[in-house]
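Structural characterization, general
As a plain string of letters, each chain reads:
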Amino acid sequence: MFGSLPGGGLPITSRIRRVARLARLGLKTLVRTLAHKARKAFAPKGQRKRMDDEHQEQTMTHVVDTVGEMKGLAMKIGQQASYMMSTVTPEPVADQLSRLQQDAPPMESSIAARVVQEALGKSPTQVFAEWDPSPIGAASIGQVHRAVTHEGDVVAVKVQYPGAETAMRADLDNVGMVANISIKRAQKAEAKAEAEAGVTGDKQAEASAGVDPISMPAMLDQFKARLIQETDYVREAANQQLIAAAFEDDGQIIIPAVFKSLSAKTVLTTSFATGARFAEASEWDQTERDLAGETLFRFHHECVFRVGHHNADPHPGNYIFEPGGRVTFLDFGAIWEVPKAFAEGAPRLLEILQRATVEQDEAAFDPAEFAKISREGGTTTPSPMASLGWFYDQLVVEGERVLPPPIESLLATMSGSRTYTFANDGDDAFVAQMARHIGQSANALLGVQAVLASLGAKCDWSAIGRKALALT
């Protein structure tokens, strides 16, 4: 768990102070690493592996504590890394990052009460028959309190941190500036190295412009759009009601009811959900994990193909599990509209990919190559499948299996180790068109794949997905 936080647990809102906080983190990490290397050099060989593991864990504890305190974009990035990269990060690192999926340092109860007072016109003890001043969970934008309405309903009240939106905008400005500088420097260094090695040609000219969602600029744009949306709880309430209406007759998919009269831009009140969190559900037996995985997969794909919207933040902290495959879905701060042309064209896309010849080079996954491709602005191959790899892995490949980690699927397509040969030019053109329609939404659907891979659920994903697709 996180320790107490000076300043009442509120995020720092100054752009300069947030940069300074990250700079101090970087400096402390550097000092820790240098000290570790010095100690390791004089240690017996048999102790060095243990020392490396301890150093990784201590360093990540410090990093996670810092981004948890900062909240905003810093914490969001940490959350996404915690499940998108969990299969390719050392266990001590993954364990620490997983702390960001559910809890951050909370703000003081008096500040939370003031937010409720300003938003709803009365103190929480007046608005509710019962109010627990201690939060049951705290995240990057707000924290959740348990309460009971005067009508006797047990509810979860999400209270936004004062300054949350300002802090996010500051992070986005800072990250955009630093990322652009870093990308340009890395590209220049790589271009120089390739020139010295005699590599010719313009790789970027081969890329499918406007298709690949995994380039660094595209990811930053996605974060910006999503995070600003999430600070408006009125919008989130409307999103939640839209999705709830679509699944109101589904006994396995549970969307908490919204109490509109007890909600505002910075306060959101919904029915209270109980059950197991992701870490606990991940320890259930295979049958229960399979049932939970089927519900997760079905929900996200039915949202895409039946509702025409999807949840843009599918991280593990947003699910509560019950035995038998019953899942409660939380956090609808950002849902994105799926272009109608994509949903309507999905059956044809499935047929095209089934007819395609797919060749797979089982080369070892190289994170450095993935990072390089992202810095270059996206895929280095002309294939639009860089944006549709999730579609192939989740809807085309048949048979019961655990889904592959999305990072491996992405690199396979982006690096050209998995290639697709279509039956005719018309198929190729249609696939490219569909890739442009889905755009950055592919990142969220890859996030679903990451959650399911971490859960270890084993299902015939293609069969489940095709049923959802048939609902269009």
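Quick notes on the rules
- Think of each chain on its own: its residues are numbered from 1, step by step along the sequence as written.
- Totals for whole chains, interfaces and linings use every residue, but because this is a predicted model, local features are given only for residues with pLDDT of at least 70 and side-chain atom pairs only at 80 or more, for both listing and counting.
- No hydrogens and no water enter the side-chain calculation; it runs on all heavy atoms of the structure.
- Secondary structure elements are taken from DSSP: a helix is a run of H or I of four residues or more, a strand is a run of E of two residues or more, and numbering for both begins at the N terminus.
- The buried label applies to any residue whose accessible area, calculated with a 1.4 Å probe on protein chains only, is under 20% of its type's maximum; exposed applies above 50%, and partly exposed to all values in between.
- Following DSSP output, two strands are said to pair if at least two bridges run between them.
- Throughout, nonpolar core names a set of buried Ala, Val, Leu, Ile, Met, Phe, Trp, Tyr and Cys residues whose side chains join them through atoms within 4.5 Å.
- By definition, residues are in contact when any of their heavy atoms lie within 4.5 Å.
- pLDDT expresses how confident the predictor is about each individual residue, on a scale running from 0 to 100.
- In this description, a line fitted to the C-alpha atoms serves as the axis of each element, helices being fitted only across the stretch in contact, and the angle between N-to-C directions of two axes falls anywhere from 0 to 180 degrees.
- Expected span of a helix, by definition, is 1.5 Å for each gap between consecutive residues, and there is one gap fewer than residues.
- Arc definition: directions from the helix axis to the C-beta atoms.
- In what follows, salt bridge is the name for a side-chain nitrogen of Lys or Arg lying within 4 Å of a carboxyl oxygen of Asp or Glu.
- An angle counts as roughly parallel when it lies under 35 degrees, as roughly antiparallel when it exceeds 145, as roughly perpendicular when it falls between 65 and 115, and as oblique in every other case.
- When the near helix sits turned anticlockwise from the far one by under a right angle, the crossing is termed left-handed; a clockwise turn instead gives a right-handed crossing.
- Amino acids outside the nonpolar list (Ala, Val, Leu, Ile, Met, Phe, Trp, Tyr, Cys, Pro) and the charged list (Asp, Glu, Lys, Arg) are all regarded as polar, and Gly is one of them.

Section: the side chain of Asn-239
Mapped onto the fold, Asn-239 is located in helix 10 (residues 233-246). Residue Asn-239 is classed as buried on the basis of its relative accessible area of 9%.

A look at the pairing of strand 13 (residues 418-421)
Where a strand is regular, its side chains alternate between the two sheet faces. Side chains Arg-418 and Tyr-420 of strand 13 all project onto a buried face; the interleaved residues Thr-419 and Thr-421 project onto a face where none is buried. Pairing of strand 11 (residues 357-360) with strand 13, which is carried by four bridges, proceeds in the antiparallel orientation. Each residue of the ladder has a partner; that of Glu-359, found in strand 13, is Thr-419.

So, the nonpolar core
Membership of the largest hydrophobic core comes to 59 residues, with the highest contact counts inside it found for Phe-342, Leu-388 and Phe-391. Ignoring any residue separated from it by four or fewer positions in sequence, one finds Leu-388 in contact with Phe-342, Leu-349, Val-431, Met-434, Ala-435 and Ile-438.

Here we look at the confidence of the model for the chain
Chain-level statistics for the chain give a pLDDT mean of 76 and a share of 61% at 70 or above. Note that residues 1-16 has pLDDT below 50 and, in this model, 50 contacts with residues that lie over four places away or in other chains. For residues 377-382, every residue scores under 50 in pLDDT, and the model assigns this stretch 25 contacts once sequence neighbours within four places are set aside.

Remarks on unusual backbone geometry
Phi is positive for Asp-331, close to 65°, though the residue is something other than glycine. Along the polypeptide, Asp-331 turns up in the loop between strand 9 (326-329) and strand 10 (335-337).

Let's talk about the sheet that holds strand 5 (residues 253-254)
Read from one edge to the other, the open sheet built from three strands follows the order 5-9-8, with strand pairing classed as mixed. Bordering the open sheet on either side are strand 5 and strand 8 (319-322), each of which pairs with just one other strand. Across two bridges, strand 5 lies against strand 9 in parallel orientation. Each residue of the ladder has a partner; that of Ile-253, found in strand 9, is Val-327. Each of strand 5, strand 8 and strand 9 is contacted by helix 12 (residues 286-307), which is oriented at about 45° to strand 9, the strand it contacts most.

Observations regarding helix 10
In this model helix 10 runs 20 Å from its N-terminal to its C-terminal C-alpha over 14 residues, within 8% of the 20 Å that 1.5 Å per residue would give. Taken as a whole, helix 10 has its buried residues at Tyr-233, Glu-236, Ala-237, Asn-239, Gln-240 and Ile-243. Buried residues of helix 10, seen end-on, are gathered within an arc of 160° and therefore sit on one face of the element.

Topic: helix 18 (residues 441-455)
Counted at 1.5 Å a residue, the expected span for helix 18 with its 15 residues is 21 Å, and the 22 Å between its end C-alpha atoms agrees. With respect to burial, helix 18 is a largely interior element, 14 of its 15 residues being buried. In the stretch just after helix 18, Gly-456 is the one whose phi turns positive, near 75°.

Focus: the pattern of salt bridges
Scanning the entire structure with this criterion turns up nine salt bridges. Here Arg-418 and Asp-393 are joined by a salt bridge, their closest N and O atoms 2.9 Å apart. Taken together, the positions of Arg-418 in strand 13 and Asp-393 in helix 15 (residues 385-396) put the pair 25 residues apart, joining distant regions of the chain. The class for Arg-418 is buried, based on a relative accessible area of 7%. On the basis of relative accessibility, which here comes to 4%, the residue Asp-393 falls in the buried class.

Remarks on the environment of Glu-294
Tracing the backbone shows Glu-294 in helix 12. Of the residues examined, Glu-294 reaches a relative accessible area of 33% and is grouped as partly exposed. Glu-294 sits 170 residues away from Ile-464 along the chain, and the two C-alpha atoms are 7.4 Å apart. Excluding its chain neighbours within four sequence positions, the residues that come into contact with Glu-294 are Cys-459, Trp-461 and Ile-464.

Some details on the environment of Val-116
The topology assignment puts Val-116 in helix 5 (residues 109-120). When the C-alpha positions of Val-116 and Val-159 are compared, they lie 7.2 Å apart, and in sequence the two are 43 residues distant. Those residues in contact with Val-116, other than ones at most four positions away along the chain, are Gly-121, Lys-122, Pro-124, Trp-131, Val-159 and Val-267.

Re the pairing of strand 3 (residues 142-148)
Taking burial as the measure, the seven residues of strand 3 include five buried ones, the bulk of the element. Both strand 2 (residues 137-138) and strand 3 contribute to a ladder of two bridges, which runs antiparallel. In the sheet register, Ala-138 faces strand 3, and the bridge partner there is Gln-143. Hairpin connection, strand 2 to strand 3: the antiparallel pair is bridged by three residues. Pairing analysis gives seven bridges linking strand 3 to strand 4 (residues 154-160), with the strands arranged antiparallel. By the bridge assignment for strand 4, Gln-143 is matched with Val-159.

Some remarks on the packing of helix 12 against helix 15
Where helix 12 contacts helix 15, the axes come no closer than 13 Å and their chain directions differ by 120°. Between helix 12 and helix 15, the angle is such that the two are oblique. Pair helix 12 / helix 15 crosses with left-handed handedness. Between helix 12 and helix 15, the contacting residues are Phe-297, His-301 and Phe-305 on the first element and Trp-390, Phe-391, Gln-394 and Leu-395 on the second. For the contact of helix 12 with helix 15, the residue count by class is five nonpolar, two polar and no charged.

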